[in-house]
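Summary of structural features
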Amino acid sequence: MNADVATGAGRGAGMSAETSVVIVGGGFAGVACARRLAGTDGIRVVLLDRGGFQQFQPLLYQVATAELTSQDIRFDLTRIFRHRPGVEVRQADVTGVDPQTMTVTLDGGETLTADYLVVAAGAQPNFFHTPGAREHSFPLYSVEDARQVRGRILTVFADVAREPRLVDEGALNFVIVGGGPTGVETAGALSELIHDVLPGVYSQAPCGHAQIILVDRGHALLSAFSDQAGAYAAKQLHRRGVQVRLGTSVKQVDADSVTLGDGEVIKTRLVVWGGGEQAADVATTGGLPTGRGGRIDVQPDLTVPGHPRVYALGDIANIPSGDEPALPQLGSVAQQSGRWAADNIIAQVGGKPPHPFHYRDKGIMAMIGTKAAIAEIGPHRHELHGRFAFVAWLGVHLELLGEVDAELKAYIAWAQEFYLRPHHRSAALLDPSRIDTPRIDWSTTDS
Ligand SMILES: Cc1cc2nc3c(=O)[nH]c(=O)nc-3n(C[C@H](O)[C@H](O)[C@H](O)COP(=O)(O)OP(=O)(O)OC[C@H]3O[C@@H](n4cnc5c(N)ncnc54)[C@H](O)[C@@H]3O)c2cc1C
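Residue positions are counted from 1 within each chain, in the order its sequence is given. For this predicted model, a pLDDT threshold of at least 70 governs which residues receive local features, and a threshold of 80 or more governs which side-chain atom pairs are given and counted, while totals over whole chains, interfaces and linings are taken from all residues. The basis for the side-chain values is all heavy atoms of the structure; hydrogens and waters are excluded.

For the rest of this paragraph, the subject is the pattern of salt bridges. Oppositely charged side chains may form a pair once their charged atoms are brought near each other. A pairing counts as a salt bridge when a side-chain nitrogen of Lys or Arg comes within 4 Å of a carboxyl oxygen of Asp or Glu. On inspection of all chains with the given rule, the structure shows 15 salt bridges. A salt bridge links aspartate 159 to arginine 162; its shortest N-O distance comes to 2.6 Å. You can see aspartate 159 and its partner arginine 162 sitting in helix H5 (residues 143-162), 3 residues apart, about one turn around the helix. Exposed residues in this analysis have more than 50% of their type's maximum accessible area, buried residues have under 20%, and partly exposed residues fall in between, with area computed by a 1.4 Å probe over protein chains only. Residue classification places arginine 162 among the exposed positions, given a relative accessible area of 61%. Arginine 240 is the partner of glutamate 192 in a salt bridge, and the nearest nitrogen-oxygen pair spans 3.1 Å. Within this pair, whereas glutamate 192 is found in helix H6 (residues 181-201), its partner arginine 240 is found in the loop between helix H7 (227-239) and strand S15 (242-246), the two being separated by 48 residues in sequence. Owing to a relative accessible area of 12%, glutamate 192 belongs among the buried residues under this scheme. Here the salt bridges share partners, and the residues they tie into one network are Arg35, Arg339 and Glu403. Helix and strand labels come from DSSP, where a helix needs a run of H or I of at least four residues and a strand needs a run of E of at least two; each type is numbered from the N terminus.

Okay, here's the thing in structure tokens:
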């Protein structure tokens, strides 16, 4: 089937002047773009997403370590756009984007044609061809991944409580690959879960024997941050009993062990992969120009070179920025690029030129443990630790959540509780059979 999304493509005299926009991916970038376009007369948007929901990746590690459930960090796209008739949400897997014909193809073979295409399909884990990593490690990029990690942690503890001898087989060794924010946050939260929460639940398990080993081939943690921030993260993890192995690569992952570059074999049942990411598969279709990380190279105005009505945004794009080859893969970059692309499309529809994207850099932050956040604020990277960094972290999350039409008071209430009572977990959060009972009441606003 081949369908024009709106009457824009091949428009002729006497036909409607509606402009059609197809957006691939309902993450931070796609949702921000669709929301901005939604209120514009004469523009009709189709938003395609394979899961049908937006996931809040910054809190995946909280799901993985049983602080939140997967339901707490996924937002239904039809609900977000329920009051925006100019946006049609469709749950669909896109298999190809063709900038020449201005079409996208869905996995059932259906083709949609539009006046503007926006590719915002995000990223996926990059295993860097490490043998066994794809098969045996647990990535942390989606809510389903986070559920799997949590399920494995709880299963391992239940097994060890029944059969303590499993400790000798490495059942309580947890290996985390990657010393960026994902690895550091997961290691800190896992340590607090294992040492402060699980002993009260699995009293027969020898929790004191648990080891958390964080491996990174680089020579500092949090390499995007300052040297001091990396040292602070290392100190905080050390305090929480995490062994940090820098300058060490992972050579192979097997079902029950991981082999490091120096030949050391660590027995384990859980390898969390936070070792890097690459563009979503759709970037490699339709002859789109790709560069670093397999991402789509775009021009400063976010369009694909040679295709002034095709945009690539967020994690799937290499967005140039001043002297830097590309902006980092961050929620704020994705969200702002989504809004900017929408403004450029509106300008183009009105016969005006698009403008180069200008990123407002709020800074970067990571939560090493409940009371050990670190933030580098603004383009000059003013460094904050502890309580002040936690407040900055909360502020950035609230801004990112602003697009999903959720009750932000509920998030603030959870964050307060999390900060003040970090080791409190309801029974439901630790029960694998009730793994999806939500903790945050997002009851969305009806405005
Ligand atoms: C563990 C983790 C922690 C993070 N923490 C932070 C943080 O603290 N702060 C921060 O700013 N950023 C953080 N990030 C980065 C941030 O989440 C990303 O930069 C952001 O999600 C990118 O937004 P996006 O819209 O480009 O892609 P995504 O949010 O990934 O959305 C892409 C969407 O496209 C859909 N899709 C993909 N392929 C297809 C297809 N073929 N067909 C249909 N739909 C498709 C996906 O289902 C998804 O819904 C974190 C990322 C991870 C993985």
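Let's pick the thread back up.
Of all hydrophobic cores here, the largest spans 138 residues; its most connected members are Val104, Phe157, Phe174, Trp393 and Tyr411. Where each domain starts and ends follows an automatic or database-derived domain assignment. In terms of domain composition, this core takes at least three residues from each of domain 1 (2-125 + 278-349) and domain 2 (133-275 + 364-431). If we ignore the near neighbours within four places in the chain, the residues touching valine 104 are Val22, Val24, Leu48, Val94, Gly96, Val97, Glu110, Thr111, Leu112 and Leu117. Put simply, a nonpolar core is a bunch of buried Ala, Val, Leu, Ile, Met, Phe, Trp, Tyr and Cys residues held in one set by side-chain atoms that sit within 4.5 Å of each other. The contact rule is simple, with two residues in contact once any of their heavy atoms fall within 4.5 Å.

Our focus in this paragraph is the environment of valine 22. Mapped onto the elements of the fold, valine 22 is located in strand S2 (residues 19-24). Given a relative accessible area of 1%, valine 22 falls into the buried group. With 26 residues separating them in the primary sequence, valine 22 and leucine 48 have C-alpha atoms 7.5 Å apart.

A few words on the sheet that holds strand S17 (residues 257-260). DSSP calls a pair of strands paired once it identifies at least 2 bridges connecting them. With antiparallel pairing, 3 strands are arranged side by side in an open sheet as S16-S17-S18. Single-partner strands in this sheet number two, and they are strand S16 (250-254) and strand S18 (265-267). Neighbour-to-neighbour, the strand axes of the sheet open up by a mean angle of 15°, direction not taken into account. With 3 bridges joining them, S17 and S18 adopt antiparallel strand pairing. Note that in S18 the partner of serine 257 across the bridge is lysine 267. Each axis is a line fitted through C-alpha atoms, and for a helix only the stretch in contact is used; angles between axes span 0 to 180 degrees, taken between their N-to-C directions.

Right, let's get into the site of the ligand. Around the ligand sit 27 residues, and of these Asp49, Gln57, Val94, Asp315 and Gly331 come closest. A distance of 3.0 Å separates an oxygen atom of the ligand from a polar backbone atom of phenylalanine 28. Polar contact criterion, stated in full: a pair of N or O atoms within 3.5 Å, where within protein one must be able to donate a hydrogen and the other to accept it, and residues adjacent in sequence count only if both atoms are side-chain atoms. At 2.6 Å from an oxygen atom of the ligand is found a side-chain nitrogen or oxygen belonging to aspartate 49. Here, Shrake-Rupley sampling with a 1.4 Å probe gives the accessible areas, and only protein chains in the shown set may cover a residue. Protein contacts shield 91% of the accessible area of the ligand, which totals 1,000 Å² for the unbound molecule. When contributions to the shell around the ligand are tallied by element, the ones reaching two or more residues are helix H1 (28-38) and helix H8 (331-349). Ranked by the residues each element gives to the shell around the ligand, the list is headed by H8, at 3 residues. Nearness here has a simple test: a residue counts as near a molecule or strand if at least one of its heavy atoms is within 4 Å of that partner.

Let us now look at the sheet that holds strand S3 (residues 43-49). Strand-to-strand pairing in sheets goes through backbone hydrogen bonds, with the strands running parallel or antiparallel. Read from one edge of the open sheet, 6 strands run S6-S3-S2-S10-S23-S22, paired in mixed fashion. Of all strands in the sheet, those with a lone pairing partner are strand S6 (87-91) and strand S22 (303-304), marking the two edges. For S2 and strand S10 (residues 116-119), the ladder comprises 4 bridges, and the chain directions are parallel. By the bridge assignment, valine 21 is partnered in S10 with tyrosine 116. Together, S2, S3, S10 and strand S23 (307-312) form the strand contacts of H8, whose direction differs from that of S23 by roughly 160°.

Moving on to the domain arrangement of the chain. Splitting the chain by domain gives domain 1 (2-125 + 278-349) and domain 2 (133-275 + 364-431). Of note, the centres of domain 1 and domain 2, computed from C-alpha atoms alone, are 30 Å apart. Each partner contributes to the interface: domain 1 provides 33 residues, whereas domain 2 provides 35 residues. Buried surface at the junction of domain 1 and domain 2, both sides included, amounts to about 3,000 Å², of which 64% is carbon and sulfur. The term buried area denotes the loss of accessible surface (1.4 Å probe radius) that occurs when two parts are joined, taken as the sum for both partners. Of all residues in domain 1, Tyr61, Thr65 and Glu67 bury the most surface against domain 2, accounting for 21% of the area lost on that side. The interface formed by domain 1 and domain 2 contains 2 salt bridges. Counting across the domain 1 and domain 2 interface gives 9 residue pairs in polar contact (both at pLDDT 80 or more). Counting only elements with at least two residues in the side of domain 1 that touches domain 2, the list comes to H1, strand S4 (53-55), helix H2 (60-64) and H8. For the side of domain 1 that touches domain 2, the leading source of residues is H2, giving 5 residues. For the side of domain 1 that touches domain 2, a count of residues per class yields 18 nonpolar, 10 polar and 5 charged. Classification used: nonpolar for Ala, Val, Leu, Ile, Met, Phe, Trp, Tyr, Cys and Pro, charged for Asp, Glu, Lys and Arg, polar for all others including Gly.

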